[in-house]
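If you want the building blocks of each chain, they are given just below.
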Amino acid sequence: MFDTRTCGFRLLSVLASMAMSEDKNYITPVGFEKLKSEYSELLNKERPKVVETVAWAASNGDRSENADYIYGKRRLREIDSRLRFLGGKIEKAFVVDPATVRSEKVVFGATVTFENEDGDVVKYQIVGEDEWDIKLGKISWKSPVAKSLLGKKVNDEVLVKKPNGEEYLTILKVEYI
């Protein structure tokens, strides 16, 4: 497991000097904790309750018309599928703590303030693909905007190729908070 307390600066130099790997699940510590929390909740609380319900329903006899049994089995499949998905994300997680990063360039975890062509000033934090939330100003590192910003620095003019056309941005500030 990655230790963000001791490897932050070394990680920065690795990320700054090479392209980010598409097969790693880059994620912030907050996002990683959310994944682990959901996994734990499903495995240790919800799944045992559903198993108990299914066992009770099965003991009632005819399973073909037993709604508790049918729904319970379906819910167990959904839970097991989500656990496999979360387990894969957790296993591939590469945790990057933005607070430990020191760089003038935009790398994963950066909070970037930029001005668009219309003169609007926008601020986004570049986060993992499982933790983006545009309303909170968090964009996935795989998004067109983030991909265009990665590796750039303050005062760089960046061309962003978005689904609805191209746009130029000027980077005003790069922070790691």
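Structure's up top.
All of the points below concern the structure found in this document. (Residues numbered from 1 in each chain as written. Predicted model: local features only at pLDDT ≥ 70, side-chain atom pairs only at ≥ 80, totals over all residues. Heavy atoms only, no water.)

1. Observations concerning the sheet that holds strand S4 (residues 121-127)
Using the following cut-off: Two strands qualify as a pair provided DSSP detects at least 2 bridges between them. Secondary structure elements are taken from DSSP: a helix is a run of H or I of four residues or more, a strand is a run of E of two residues or more, and numbering for both begins at the N terminus. Fitted lines through C-alpha atoms give the axes, limited to the stretch in contact for helices. The angle between two N-to-C directions lies from 0 to 180 degrees.
The strand order across the open sheet built from five strands is S5-S4-S3-S7-S6, with neighbouring strands paired in mixed fashion. Unpaired on one side and paired on the other, strand S5 (138-140) and strand S6 (157-162) mark the two borders of the sheet. Averaged over all pairs of adjacent strands, the angle between strand axes in this sheet comes to 45°, irrespective of strand direction. Sheet topology places strand S3 (residues 111-115) next to S4; five bridges connect them, and they run antiparallel. When the sheet's bridge partners are listed, Thr-113 is paired in S4 with Lys-123.

2. Here we look at the nonpolar core
Rules: Among the buried residues, those of types Ala, Val, Leu, Ile, Met, Phe, Trp, Tyr and Cys that are joined through side-chain atoms within 4.5 Å form a nonpolar core. Buried means the residue's accessible area, taken with a 1.4 Å probe over protein chains only, is under 20% of the maximum for its type, while exposed means over 50%, and partly exposed covers the values in between. We call two residues in contact when some of their heavy atoms are within 4.5 Å.
Ranked by size, the top nonpolar core spans 23 residues in total, and within it Val-106, Val-112, Phe-114, Ile-126, Val-145, Leu-149 and Ile-171 carry the most contacts. Listing elements by their share of this core, those giving two or more residues are S3, S4, helix H4 (144-149), S6 and strand S7 (165-175). Each residue touching Phe-114, except ones within four places of it in the same chain, is listed here: Asp-120, Val-121, Val-122, Tyr-124, Val-145, Leu-149, Leu-169, Thr-170, Ile-171 and Leu-172. Of all hydrophobic cores here, the second largest spans 15 residues; its members include Phe-32, Leu-35, Val-54 and Ala-58.

3. Observations regarding the pairing of S6
Along any regular strand the residues' side chains alternate between the sheet's two faces. Across six bridges, the pairing between S6 and S7 is antiparallel. By the bridge assignment for S7, Val-160 is matched with Glu-167. A loop of two residues connects S6 with S7, the two strands running antiparallel in sequence.

4. Describing the packing of helix H2 (residues 29-58) against helix H3 (residues 67-91)
Where we set the bar: Reported orientations rely on four angle classes, namely roughly parallel under 35 degrees, roughly antiparallel over 145, roughly perpendicular from 65 to 115, and oblique for the rest. Handedness of a helix crossing follows the sense of rotation of the near helix relative to the far helix, less than a right angle counterclockwise being left-handed and clockwise being right-handed.
H3 packs onto H2 with a crossing angle of 160° between their chain directions and a minimal axis gap of 9 Å. Taken together, the axes of H2 and H3 are roughly antiparallel relative to one another. Crossing handedness for the pair H2 and H3: left-handed.

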